[in-house]
Amino acid sequence: MTSEELRTKVEKALDEIRPFLQSDGGDISLVSIVNDTQVKVRLEGACVGCSVNQMTLKSGVEMTIKKHAPQIEQVINVN
């Protein structure tokens, strides 16, 4: 899979989870993909100060991204 195909798959995964985040006043954007194994995202809006954002990141965002792109090993939130 090319880097561009991987980016498309990750964006598709984010599009899948974005409505759930937006319904709570938050959002998410893709910052970068490192070595085709690590995704850096930025939680936005209400997600920034949310006390459960790390749980959302791991159980929601990371799981959804790995479903679309199994080679991704880690999802990290950057500020």
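Refer to the structure printed above.
Residues numbered from 1 in each chain as written. Predicted model: local features only at pLDDT ≥ 70, side-chain atom pairs only at ≥ 80, totals over all residues. Heavy atoms only, no water.

**Student:** Mind showing me how you'd approach the pattern of salt bridges here?
**Tutor:** Side chains bearing opposite charge may pair, as long as their charged atoms lie close to each other. In total, this model carries 5 salt bridges according to the counting rule given. A salt bridge links Asp-15 to Arg-18, with the shortest nitrogen-to-oxygen separation between them at 2.5 Å. Of this pair, Asp-15 and Arg-18 are both found in helix α1 (residues 3-23), 3 residues apart, which corresponds to roughly one turn of the helix. Residue classification places Asp-15 among the partly exposed positions, given a relative accessible area of 47%. Between Lys-66 and Glu-62 there is a salt bridge whose closest N-O contact spans 3.5 Å. One end of the pair, Lys-66, and the other, Glu-62, are both in helix α2 (residues 53-68), 4 residues apart, so they sit about a helical turn from each other. According to the relative accessible area criterion, Lys-66 is partly exposed, its value standing at 32%. Linked through salt bridges whose partners overlap, the residues forming this network are Asp-15, Arg-18 and Asp-27. (Salt bridge = Lys/Arg side-chain N within 4 Å of Asp/Glu carboxyl O. Helix = DSSP H or I, 4+ residues; strand = E, 2+ residues; numbered from the N terminus. Buried < 20%, exposed > 50% of the residue type's maximum accessible area, 1.4 Å probe, protein only.)

**Student:** Looking at this model, I keep getting lost on the sheet that holds strand β1 (residues 26-34). Mind explaining?
**Tutor:** By definition, the strands of a sheet pair up through backbone hydrogen bonds, in either a parallel or an antiparallel sense. Read across the sheet, 3 strands follow the order β1-β2-β3 without closing on themselves; strand pairing throughout is mixed. Each edge of the open sheet is held by one strand with a lone partner, namely β1 and β3 (74-77). Within this sheet the neighbouring strands show an average axis-to-axis angle of 30°, counted without direction. Pairing between strand β2 (residues 38-45) and β3: 4 bridges, direction parallel. In the strand pairing of β3, Val-41 is matched with Asn-77. Lying on the sheet, α2 is in contact with β1, β2 and β3; it crosses β3 at an angle near 140°. (Pairing = 2+ DSSP bridges. Axes fitted to C-alpha atoms, helices over the stretch in contact; angles between N-to-C directions. Contact = heavy atoms within 4.5 Å.)

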